[in-house]
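# Descriptive structure summary
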Amino acid sequence: MPWIIGFITFFLFPFGTSVFYAFTDARLPGATNFNFVGIDNFTHMMDDPIFLKSLMNTMFFVVFGVPIVTAGMLGLAMLLNFNVKGIALFRTFFYLPTLVPIVATVIIWRLVFNSEFGILNADLARWV
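The rules we used
Residues numbered from 1 in each chain as written. Predicted model: local features only at pLDDT ≥ 70, side-chain atom pairs only at ≥ 80, totals over all residues. Heavy atoms only, no water. Helix = DSSP H or I, 4+ residues; strand = E, 2+ residues; numbered from the N terminus. Rg over C-alpha atoms; globule rule 2.2 N^0.38 Å. Buried < 20%, exposed > 50% of the residue type's maximum accessible area, 1.4 Å probe, protein only. Phe/Tyr/Trp six-rings, centres within 6.5 Å; stacked < 30°, edge-to-face > 60°. Contact = heavy atoms within 4.5 Å. Expected span 1.5 Å × (residues − 1). Bend = angle between axes of the 7 residues up to and from the residue. Salt bridge = Lys/Arg side-chain N within 4 Å of Asp/Glu carboxyl O.

Take the overall build of the chain next. Within the chain, the regular secondary structure consists of 5 helices and 0 strands. Over its C-alpha atoms the chain spans a radius of gyration of 26 Å, topping by over 25% the 14 Å that the globule rule assigns to 128 residues. Seen through its C-alpha atoms, the chain measures out along the principal axes to roughly 60 × 60 × 35 Å. Here the chain, with 128 residues, has 5% of them falling under the buried criterion.

Spelled out as structure tokens, the structure:
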């Protein structure tokens, strides 16, 4: 049952409202009255030069940007497997950005739950 509730809440409902708004003249946010316009939105979209420009930009990014970045990251990953002097330091600096948010979160929660001067205890002391 939780999976079904999550599916309805996070996929089915947003998908349905998107389809509904696609065929109306609603001006979001805060639209209160909706008139059914059919496929007029889509025909106007095809005539809009901004849409065509954004479509071309997206295609350029997909065709050129994604393969270049993927090849670069694959090359960097292969470089991390070479046995050269200083590779441990390089691996550390390469992996460090993934650890910093975790460490910062742990430090913040330790400060929140500190028994002497924690934010949570200070707030609870006001209520006791």
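With that settled, consider the packing of aromatic side chains. Considering all chains together, one arrives at 10 aromatic pairs under this definition. With a centroid separation of 5.6 Å and an interplanar angle of 20 degrees, the aromatic rings of W109 and F113 are classed as stacked. Ring pairs connect the aromatic residues W3, F7, F11 and F15, which therefore count as one cluster.

All right, on to the environment of F23 then. The topology assignment puts F23 in the loop between α1 (2–22) and α2 (40–47). Taking the C-alpha atoms as reference points, F23 and A71, separated by 48 residues in sequence, lie 41 Å from one another. With residues up to four places along the chain from it excluded, the contact list for F23 reads N35, F36, V37, G38, I39, N41 and F42.

For helix α4 (residues 87–112), which comprises 26 residues, the first-to-last C-alpha distance of 37 Å matches the rise-based estimate of 38 Å (1.5 Å per residue) to within 8%. L96 marks the point of greatest bend in α4, at about 50 degrees, and the proline P97 comes within the next four residues.

With that out of the way, let us pick up the pattern of salt bridges. Scanning the model with the defined rule gives 1 salt bridge in all. We note a salt bridge from D123 to R126, for which the minimum N-O separation is 2.8 Å. Of the two residues, D123 and R126 both sit in helix α5 (residues 119–127), 3 residues apart, roughly one turn of that helix. Classification of R126 as exposed rests on a relative accessible area of 64%.

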